[in-house]
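Now for the letters of each chain:
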Amino acid sequence: MVFGLLLDTGNVISVLVFLSPVETFWRIVRRRSTEEYESLPYICTLLGSSLWTFYGMVTPGEYLVATVNGFGALVESIYVSLFLLYAPPPKKLKTALLVGMLNVCFPATAIAATRIAFREENTRSHAMGFICAGLNILMYGSPLSAMKTVVTTKSVEYMPFWLSFFLFLNGAIWAAYASLLHDVFNLGAEWGQRNSLCMPFTKTPNQSTTLPSLML
């Protein structure tokens, strides 16, 4: 029962991770500018969700992994497309290069390599699982790309708080689930916690307190 509860909770929070930037991108669309927001968190999340979708498709019994991450890949594709549409030219070029490398070349190479190198379906699935586990570290750490802006401006206005918050919850839930299964690949919660703990020490220009901004 505990396993089922953690699994269901983890899947719900995973969906919330994907939906957490909606407010940010609504602001981007209204202002027709990405301002000082960073694209890396969304590019990394798209990379991770894409490969987890493939993992769920090739691994028997992992249909929930495929469906949840398939939804995430679709949502993150919309976010990245909006970023490419509204980013200023220098940032648009940087974003396009990252998308090409991380969302096109890397997944294609990883999928092709595992299919060529491993003939057995079980071995291929395990290999893709290792790749996805490694990418989780990148995904959970990606919101730290905004820390330069936070430190420079002494403001969390452009720090993706909700994304960091739900990544922390997501990492914590899956950490608990994995620990019950004695799974050692469990670094996501620590990265999410670091992101969230950075928030109370800065403030937005219009705040007189040090409470975190709730704007992504």
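Residues numbered from 1 in each chain as written. Predicted model: local features only at pLDDT ≥ 70, side-chain atom pairs only at ≥ 80, totals over all residues. Heavy atoms only, no water.

Notes on unusual backbone geometry
Okay, so step 1: Although it is not a glycine, R32 adopts a positive phi angle of roughly 55 degrees.
Okay, so step 2: Tracing the chain through its elements places R32 in the loop between α2 (22–31) and α3 (40–58).
Okay, so step 3: Its identity is not glycine, yet E35 carries a phi of approximately 50 degrees, on the positive side.
Okay, so step 4: Locating E35 in the fold gives a position in the loop between α2 and α3. (Helix = DSSP H or I, 4+ residues; strand = E, 2+ residues; numbered from the N terminus.)

Section: the confidence of the model for the protein
Should pLDDT be low for a region, the predicted coordinates there are not to be read in detail.
Okay, so step 1: Taken over all residues, the pLDDT of the protein has a mean of 76, while the share at 70 or more is 70%.
Okay, so step 2: A low-confidence stretch, residues 183–194 stays under pLDDT 50, and its non-local contacts, those more than four residues away or across chains, total 22 contacts. (pLDDT = per-residue confidence, 0-100. Contact = heavy atoms within 4.5 Å.)

What about the packing of aromatic side chains?
Okay, so step 1: Taken as a whole and assessed by the stated rule, the structure comprises four aromatic pairs.
Okay, so step 2: For the ring pair F25 and Y42, a centre distance of 5.0 Å and an interplane angle of 80 degrees mean the geometry is edge-to-face. With F25 in helix α2 and Y42 in helix α3, the pair connects residues that are 17 residues apart, well separated along the chain.
Okay, so step 3: Residue Y42 is classed as buried on the basis of its relative accessible area of 3%.
Okay, so step 4: An angle of 90 degrees between the planes, with centres 5.3 Å apart, marks the rings of W52 and Y55 as edge-to-face. Highlighted residues: W52 and Y55, both in helix α3, separated by three residues, approximately one helical turn.
Okay, so step 5: Relative accessible area serves as the criterion here: at 17%, W52 is assigned to the buried category.
Okay, so step 6: By relative accessible area, which is 14% here, Y55 ends up buried. (Phe/Tyr/Trp six-rings, centres within 6.5 Å; stacked < 30°, edge-to-face > 60°. Buried < 20%, exposed > 50% of the residue type's maximum accessible area, 1.4 Å probe, protein only.)

Brief notes about the pattern of salt bridges
Okay, so step 1: Under the criterion given, the structure shown has three salt bridges.
Okay, so step 2: Where E35 meets R27, a salt bridge forms, and the shortest distance between an N and an O atom there is 3.0 Å.
Okay, so step 3: Take R27: its relative accessible area is 5%, and that puts it in the buried class.
Okay, so step 4: Across the pair E38 and K94 runs a salt bridge whose closest N-O atoms are separated by 3.9 Å. Of this pair, E38 sits in the loop between α2 and α3 while K94 sits in helix α5 (residues 89–117), and the two are 56 residues apart along the sequence.
Okay, so step 5: A relative accessible area of 47% places K94 in the partly exposed class. (Salt bridge = Lys/Arg side-chain N within 4 Å of Asp/Glu carboxyl O.)

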